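Topology and contacts: notes
The primary structure of each chain is shown beneath.
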Amino acid sequence: MNLRTAAALGGLIILTLFGCKPAEVALPQTEPLPVATITIHAADEPRWIEMLGQAEGGGEVEVRAQVSGILKRFNYQEGDLVKAGDVLFEIEDAPFKARLDAARSMRLQYADELAQAERELKRTSTLYKSGAASRKDYDDAVSTRNQKKFQYEQAVADEKDAAISLNWTKVLAPASGFASRSNLNPGSLVDASTSILATITQHDDVRITFAPSDRDLGEAKITLDNAVRVFTKNGRELSAKLDYVSQSLDPSVGTRLMRASLEPDQPVLPGEFVTVRLMTGIDKHAYRVPQRAILQRPDGTYAVYIVQDDKAVRRAVTVGLWEGTDWIVLSGLEDGERVITNQLLRIQEGMPVRPADGTAQANETTAQ
């Protein structure tokens, strides 16, 4: 057998084994991607606007002295909790004790003079009735008695005033709360008309002030019955209720001042910033979609994948605020559609997908 005959015979064997039409060999089909889904249903959802708020002490008061003098000492640990009536500061009281002693002496003097005038009036009255004294003598005795009485009453008032001033040298806490640092040191002059010795903040009466813009409020009618929610920087929600709504806008910035009160003993310090959500209305036919199912596209818009004819179809949506682990979707979806909640990095438009059964879907969704 020559070389050409052997080559022809080998080609015939190969064609016999593998067939003469290699283009008709079937390629393996891509398996549908298993995905977890959630069936959505329309519902009425509260509409919220979100902004920053700041905490303020509702019972924040200034500690002022009622009398002027030299500050002798302060009797509290700065920053500590104090009770109403605690002695916080002491002003040098020696001048006020001297004034009280002088007022007391003057009262005693006028008391003695009044007693003498009463006796003189009694004698003159007896003589006048018997004809031994003139009408003028009687009138003069009455006038002297009245004058001494007025002087005595003035002396009593002066003594009380001096006693009050002496008591005021001990500056008391006007309310319970946390006392700030002292603004004056011992030895400083306290001016009753201008000096603020410290401030006291009542943490059990903390309120949140915030100012939504006129644009965000739109045509919403806000009353004290509107719901309000307050969140700390750690995401903890605090129970709150509106207690003030301004009935006018600040024309310089276009905002409307509002305030919410918190329940007592909330973990918020005056001056702390928090997140505030104010309910302005109801969004009709909105959908709750897990946050993990929402995709943010490069142009800033949002989309989700839904299952349609066993394929993944991308759907543009309009979103509102987060609600727990869900995102409120305002438009772009239809009631009863199945939204894909996992495998989002692998899914492509039109890719075949296979929704997992109930058990597998629940496990896979939790794992995400």
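To be clear, the structure that these remarks concern was listed above.
In this report, we go over the structure that sits alongside the text. (Residues numbered from 1 in each chain as written. Predicted model: local features only at pLDDT ≥ 70, side-chain atom pairs only at ≥ 80, totals over all residues. Heavy atoms only, no water.)

Take the packing of aromatic side chains next. With the rule as written, the count across this model stands at five aromatic pairs. Note on F74 and Y76: the rings are 5.7 Å apart at their centroids and 50° apart in plane angle, and the pair reads as tilted. On the accessibility criterion, F74 (27% relative accessible area) is partly exposed. Residues F74 and F89 carry aromatic rings whose centres are separated by 6.1 Å and whose planes lie at 55° to one another, so their mutual orientation is tilted. Of this pair, F74 sits in strand β5 (residues 69-74) while F89 sits in strand β7 (residues 87-91), and the two are 15 residues apart along the sequence. When the ring centre of W48 is taken as origin, the NZ or CZ atom of R229, which lies over that ring, is 5.3 Å away. (Phe/Tyr/Trp six-rings, centres within 6.5 Å; stacked < 30°, edge-to-face > 60°. Buried < 20%, exposed > 50% of the residue type's maximum accessible area, 1.4 Å probe, protein only. Helix = DSSP H or I, 4+ residues; strand = E, 2+ residues; numbered from the N terminus. Lys NZ or Arg CZ within 6 Å of the ring centre and 35° of its normal.)

Below, the discussion takes up the environment of A55. Residue position: A55 is located in strand β3 (residues 43-57). Of the residues examined, A55 reaches a relative accessible area of 5% and is grouped as buried. Once the C-alpha coordinates of A55 and I208 are considered, the two residues, 153 residues apart in sequence, prove to be 4.4 Å apart. Setting aside chain neighbours within four positions, we find A55 in contact with V206, R207, I208, V268, L269, P270, G271 and E272. (Contact = heavy atoms within 4.5 Å.)

Taken together, the four strands give an open sheet; going across it, the order is β8-β7-β5-β10, and neighbouring strands pair in antiparallel fashion. The outermost strands of the open sheet, each flanked by one partner alone, are β8 (170-172) and β10 (189-190). Looking at chain direction, β5 and β7 are connected through three bridges and run antiparallel. When the bridges of β7 are listed, F74 appears paired with F89. (Pairing = 2+ DSSP bridges.)

Distances and angles like these do not, on their own, reveal function.
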